[in-house]
Amino acid sequence: MTSTEEPEFKPVGPESLLPPPGRLSSVFLDKAEIVIANVDGRYYALDGLCEHAGYPLASGQLVGCELTCPLHGWIYDVTDGWVINPPFGYRTRSYKVRVTDGTVEVALAE
Ligand code: FES
């Protein structure tokens, strides 16, 4: 995909799977878990398993744009997937989220 192409959105389930504000939910894309965060009505999505040791991020805590993994405390910025506390320099994949005709769709952000 070049920067001028539209990302390829894929369906992951009904709109009812979206979390309420300040909460997280998980969906599956090609059998891979994705965590969706609702930040004041805006939806963001990341790979669902922590880059550190694979813990499910949907069981973490969301405060603003910061998602904390409950196992060892890595904190992700849900807007871009970067880890924002030590150890810095790690990033998980992030996805764009949209709803089309009641279906949630995600696309790899970059
Ligand atoms: S598994 Fe997430 S911080 Fe260790």
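As the structure is a prediction and not an experimental result, all values here were calculated from the model.

Draft legend 1. Layout of the sheet that holds strand 2 (residues 24-29). Spatially, the six strands line up as an open sheet ordered 1-9-8-4-3-2, and their pairing is antiparallel. The two strands at the open ends of the sheet, each matched to only one other strand, are strand 1 (10-14) and strand 2. The average undirected angle you get between the axes of adjacent strands in this sheet is 35°.

Draft legend 2. Structural detail: the nonpolar core. In terms of nonpolar packing, the biggest core is built from 23 residues, with Ile34, Val35, Ile36, Ala37, Ala45, Leu57 and Val97 touching the most fellow members. Going through the elements one at a time, strand 2, strand 3 (32-39), strand 4 (42-47), strand 8 (94-100) and strand 9 (103-108) are the ones with two or more residues in this core. Considering each element in turn, this core owes the most residues, four residues, to strand 3. Sequence-distant contacts of Ile34, defined by excluding residues within four places in its chain, comprise Val12, Ser26, Val27, Phe28, Leu29, Ala45, Asp47, Gly48, Tyr95 and Val106.

Draft legend 3. Looking closely at the sheet that holds strand 5 (residues 61-63). The strand order across the open sheet formed by three strands is 5-6-7, and the pairing between neighbours is antiparallel. The strands lining the two open edges of the sheet, one partner per strand, are strand 5 and strand 7 (75-77). Ignoring strand direction, the axes of neighbouring strands in this sheet form an average angle of 25°. Relative to strand 7, strand 6 (residues 66-68) is paired through three bridges, and the arrangement is antiparallel. From the neighbouring strand, Thr68 faces strand 7, where its bridge partner is Ile75.

Draft legend 4. Quick peek at the environment of Leu18. Position of Leu18 among the secondary structure elements: in the loop between strand 1 and strand 2. For Leu18, a count of 16 C-beta atoms within 10 Å corresponds to the partly exposed category. For the pair Leu18 and Val35, spaced 17 residues apart in sequence, the C-alpha to C-alpha distance is 9.9 Å.

Cut-off values and rules
- Positions within a chain are numbered from 1, following the residues in the order the chain's sequence is written.
- Confidence filtering applies because this is a predicted model: local features only for residues at pLDDT of at least 70, side-chain atom pairs given and counted only at 80 or more, and all residues used for totals across whole chains, interfaces and linings.
- DSSP bridges decide pairing: two strands pair if at least two such bridges lie between them.
- Every helix listed is a DSSP run of H or I at least four residues long, and every strand listed is a run of E at least two residues long, numbered separately from the N terminus.
- Only the contacting stretch of a helix is used when fitting its axis, a line to C-alpha atoms as for every element, and angles between N-to-C directions run 0 to 180 degrees.
- For the purposes of this analysis, a nonpolar core is taken to be any set of buried Ala, Val, Leu, Ile, Met, Phe, Trp, Tyr and Cys residues that are connected through C-beta atoms within 7 Å.
- Whether a residue is buried, exposed or partly exposed follows from its count of other C-beta atoms within 10 Å of its own C-beta, namely 20 or more, 12 or fewer, or something in between, respectively; the C-beta atoms are built from the backbone.
- Residue pairs qualify as contacts under a 7 Å threshold applied to their C-beta atoms, which are placed from the backbone.

So, to be careful, I would describe these as geometric facts and stop short of saying anything about function.
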